[in-house]
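Observations on chain architecture
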Amino acid sequence: MKSAAAAKRTFVDELLDVLSNVLFPVVVFLIWAVMTTIGTIVDQNQDPQHYYDMYPTAVANLILRLHLDTVLHSIPYFSLIVLLLVSMTVCTFRRVIPKRFPKDRAVMIEAFGLHGSATSRAGDATGERTEQFLRKRRFALRTLDVDGTRWLFGDKDKWARYGVLVAHLGFAIIAFGVFLGWLAGFKGELQIFDGATAAVAQQPGLAIHLDKFTATFQPVETPNGTFYQASKFESDVGVVEDGTATKTDIIVNHPFQTKSGVYFYQASYGFGGRIDLTRNGKPVSLSGAGRLMPGDQVFLPGTSREIDYVTLLGPSDPSQVPMGVPLPKTDEYAMWVIHDNVPTTSRPLLVPIGKTIDVGDGYALTARAPIAWTGLTYRRDPGEGFVGLGAAVLVTGFVMALFFVPVKLYVRTRRDARGPVVDVAATTTKGNTIYEGEFKQLLDGLGRTLETGDNEPAQDAVETAYA
Amino acid sequence: MPDYSQYNTNAQALADAHVAAYMAWYHVAIVLYVLAAAVFLAYWFFRNRPTAAGGAILATAGLGCQMASLGIRWVYSGHVPWNDLYGSLSVVALLSVALFLIFGLRYKIWFAGPIVLSVTDALLAYGQGWNKGLEPLVPSLQNNYWIYYHVPVVLAAYAAFLIGFSTSILYLLKKHDEDRALAGAGKSVGAAVAAVRPAWLDWLDIVPASGALEVITYRVIAIGEILLTVGVILGSLWAHDAWGSYWQNDPKELAALTCWIWYAAYLHLHTRPSFRGPRLAWMSIAGFGVVLFCYFGVNIWISGLHSYK
Ligand code: HEM
């Protein structure tokens, strides 16, 4: 019974040892890096066909069968972060706190990588001079008598020892914020035409009305001809939340935030084509919203004809004009008239706004002014604040842990035949080499301070210590 | 807003007087950096202060020319010059040389000059091919102030990793040299003769002991990791404004995260004395490969929201 309990404890101990070994996060980090790289290279969450279109069949099969197409949203990926958090927690208590904050105690000075001695001619003033010297070099000091020997403990930048804990905490807060956003947040996209209103499905009582959408374009000349690049999109909207309406402009890089914390961003835009249709002079009503989007088809009832709407070309949306094609002076629609599945012309028809054309079998089509629509992304992320806070904490921790080199000194004063001798040992959180040069200067400086007799003024060795 | 509609071809765009002006300074900078690299190479052999000072002065002059080039481009385009791959490569090169000069003054790493300046020069020479003249900003780069901070901070992180890469290569050479000397010490005459280093490697005398070099690498990578963290955070603030969320799993974000993870692993390995040494140096060298993938691979081969060429 007893040995089983002992074995169990050993297993738990071993597990905790593994989790608190710094090699553990290193291995997890490397796996995380590899999985993230796969997620960078392989488009995520696409249709299987997308991979067959992009890659040779064998590679596409590999991606799909190994689920590399969803690697970033997979349980193993998520588990890596959980593993990091668990190991970080274990490590904090088993390793970081005990090792990062060494206690004030008598130690074997000679066993330290950085150690040395200074012989003193200052007699009884040795202790005081040593303390003065170290204080001038920004060491916070404490004294302790152990078995009749006077010990002095010095700390420089001790606060920076907390850097690791702060950085680890920052990461944990970020992870919590991301998790909260994933659990309780929502997002979506609204396509709203001029004058229309759309409601946010996930939050009853929240709706947005588009008063007017404006897009501004700029011509850019290239070796292959001119293209038109959008220079500004602007949506003048009214946002209604729980009965209260607010008027605002949403432009790229300037989102709008509602009182309840839902953000609206300018994401895309476009123009809907509008046409009137008549047959033998009588109006024919069109099904749908009466707006055509690229790729839409209009079937002409009672015939085997259809109209395939391509796009709007012209000053309202010059970005649709193919490179090298001159920009039409007025807006026009590009469309195909299809008869028995065969286009009736070799090029798309271009129908200027206001013009009527015959599309066969008694049908006539009149182009009406296009209508703009805005694409607004909305999002509510209750974890966002935590992510921001975590990021700030993480950076603070990084600066504390990585920039500063906390040093701890163990100083013992003993007497030998020639008089008092001050033995000094040092440790840092980053090994010995990083402090080697400064430690040597510190010892030299201390030696000079203790060189003069106790009635003579001590040499001020400040400038030489850091020369 | 400048008028961009004046050019009919790219050749014409590049022949424009304003473009010619910033390119001229850019070319002078390339030449000065080549000369600086040559002088620092000479420093390996002469090993005296005037030679190191000569290299530093040439590199500083090159830095001045690059600043002039970027400044002219900024004025004539009416927007920050790091909106495309050409501009950002120029900034990486500028920051790498600046950081090298700072570390040179602080830690006397002038011996790394030939490596740092050759890589910088290669970046600049390659960057010319991406020069498209003066173009307007795409909407996501407009109306925001993040572009002033996010891009330079991330590029400064890359510059730090470049320096870390250079000092890690030198670390491996120095360590090899030290091991050879150690292997010869106290051995037979034959072993000692075999351990004598070839004369052309005598310049390794000006390189500090491998332990000290490892500290320098750690210091510069620590700065790089802090800058990368801050840069990614600034980027996510921008993404929040521009795309509606602080993180989109865009290839560039993911690749930057990979760099961050890689160097976080490096810093953790460094905390344990037993894991320091050549292993860590290789990790820093491979880390720069990850940086190159993030920088070039994602900009050029993988299209996403961040593919500014
Ligand atoms: C994932 C996010 C993490 C971040 C941002 C992070 C950050 C840091 C930083 C900045 C340091 C200081 C490094 C130095 O002084 O050079 C550090 C040290 C350390 N970290 Fe982490 N860390 C993370 C995860 C972990 C995990 C999962 C463990 C689990 C074992 C861990 C264990 C340690 C240990 C043992 C040290 C050294 C402490 C010492 O020297 O006393 N870290 N970490």
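Quick note: structure is the one above.
Our subject in this report is the structure included herewith. Predicted model, so just to flag it, every value in this text is computed and none were measured.

**What about the overall build of chain B?**
Scanning chain B from N- to C-terminus turns up 10 helices and zero strands. Within chain B, the proportion of its 309 residues that are buried is 60%. Pairs at least 24 apart in sequence give 79% of the contacts found in chain B among residues at least 6 apart. About 11,900 Å² of surface is accessible on chain B, with carbon and sulfur atoms providing 70% of the total.

**Examining unusual backbone geometry**
Residue and element names in this part refer to chain A. The phi dihedral of Arg 138 is positive, around 65°, even though this residue is not glycine. Positionally, Arg 138 belongs in the loop between α6 (126-136) and β2 (140-146). Taking the relative accessible area as the measure of exposure, Arg 138 reaches 55% and is therefore exposed. The phi dihedral of Asn 280 is positive, around 50°, even though this residue is not glycine. You can see Asn 280 is positioned in the loop between β10 (263-279) and β11 (282-284). By relative accessible area, which is 65% here, Asn 280 ends up exposed.

**Topic: the environment of Gly 127 of chain B**
Position of Gly 127 of chain B relative to the elements: it lies in helix α5 (residues 113-127). Spatially, the C-alpha atoms of Gly 127 of chain B and Ser 88 of chain B are 8.7 Å apart, while their sequence positions differ by 39 residues.

**Quick word on the interface of chain B and chain A**
Between chain B and chain A, the residue contacts involve 61 residues of the former and 55 residues of the latter. For the chain B and chain A pair, buried surface summed over both sides reaches about 4,800 Å², with 67% attributable to carbon and sulfur atoms. In terms of surface lost to chain A, no three residues of chain B exceed Ile 226, Tyr 246 and Ile 261 of chain B, which account for 12% of the buried area on that side. Mapped onto the side of chain B that touches chain A, the elements with two or more residues apiece are α8 (210-242), α9 (251-270) and α10 (278-301) of chain B. Broken down by class, the residue content of the side of chain B that touches chain A amounts to 37 nonpolar, 18 polar and six charged.

**Describing the site of the ligand**
The local shell around the ligand holds 23 residues, among which Ser 87, Arg 100 and His 168 of chain A together with Tyr 218 and His 268 of chain B are the closest. Neighbouring residues of the ligand are not confined to one chain but are distributed across chains A and B. Within the contact set of the ligand, an oxygen atom lies 2.7 Å away from a side-chain nitrogen or oxygen of Arg 100 of chain A. Separating a nitrogen atom of the ligand from a side-chain N or O atom of His 268 of chain B is a distance of 2.7 Å. Listing elements by their share of the shell around the ligand, those giving two or more residues are α2 (23-41), α5 (75-100), α7 (163-184) and α8 (384-403) of chain A together with α9 of chain B. In terms of residue count, the dominant contributor to the shell around the ligand is α5 of chain A (six residues). Looking at the shell around the ligand residue by residue, the classes come out as 16 nonpolar, four polar and three charged.

**Points about the packing of aromatic side chains**
Any pair of aromatic rings gets described here by the distance separating the centres and the angle formed by the planes. Taken as a whole and assessed by the stated rule, the structure comprises 36 aromatic pairs over all chains. Seen from their ring centres, Tyr 263 of chain A and Tyr 265 of chain A are 5.8 Å apart, and the 25° between their planes marks the pair as stacked. Each member of the pair, Tyr 263 of chain A as well as Tyr 265 of chain A, carries the same accessibility label: buried. Three or more aromatic residues joined by ring pairs form one cluster here, namely Tyr 126, Trp 130, Tyr 158, Tyr 295 and Phe 296 of chain B. Here the basic side chain of Arg 106 of chain B rests over the ring of Tyr 107 of chain B, its NZ or CZ set 4.7 Å away from the ring centre.

Parameters and conventions
Residue positions within a chain follow its written sequence, with the count starting from 1. The order in which chains are written sets their letters, starting at A; the order in which ligands are written sets their numbers, starting at 1. Only residues with pLDDT of at least 70 are given local features in this predicted model, and only at 80 or more are side-chain atom pairs given and counted; all residues enter the totals for whole chains, interfaces and linings. Side-chain measures here rest on the full set of heavy atoms in the structure, leaving out hydrogens and waters. In this text, helices come from DSSP runs of H or I with a minimum length of four residues, and strands from runs of E with a minimum of two, each type numbered from the N-terminal end. Categorising residues by exposure relies on relative accessible area from a 1.4 Å probe, with only protein chains included: less than 20% of the type maximum marks a residue as buried, more than 50% marks it as exposed, and the intermediate range marks it as partly exposed. In this description, contact between two residues means that some pair of their heavy atoms is separated by no more than 4.5 Å. Using the Shrake-Rupley algorithm and a 1.4 Å probe, accessible areas are obtained, with residue cover drawn only from the displayed protein chains. Defined in terms of a 1.4 Å probe, buried area is the accessible area two parts forfeit on being brought together, summed over both. The nonpolar class holds Ala, Val, Leu, Ile, Met, Phe, Trp, Tyr, Cys and Pro. Asp, Glu, Lys and Arg form the charged class, and all remaining residues, Gly among them, are polar. Consider each residue's heavy atoms; a residue with any of them within 4 Å of a molecule or strand counts as near. We call two N or O atoms a polar contact when they sit within 3.5 Å, provided that within protein one can donate a hydrogen and the other can accept it, with sequence-adjacent residues counted only if both atoms are side-chain atoms. Between rings of Phe, Tyr and Trp, where Trp is taken as its six-membered ring, a pair exists when centres lie within 6.5 Å; planes separated by under 30 degrees are stacked, by over 60 edge-to-face, and by other angles tilted. Two limits define a charge over a ring: the Lys NZ or Arg CZ must be within 6 Å of the ring centre, and within 35 degrees of the ring normal.

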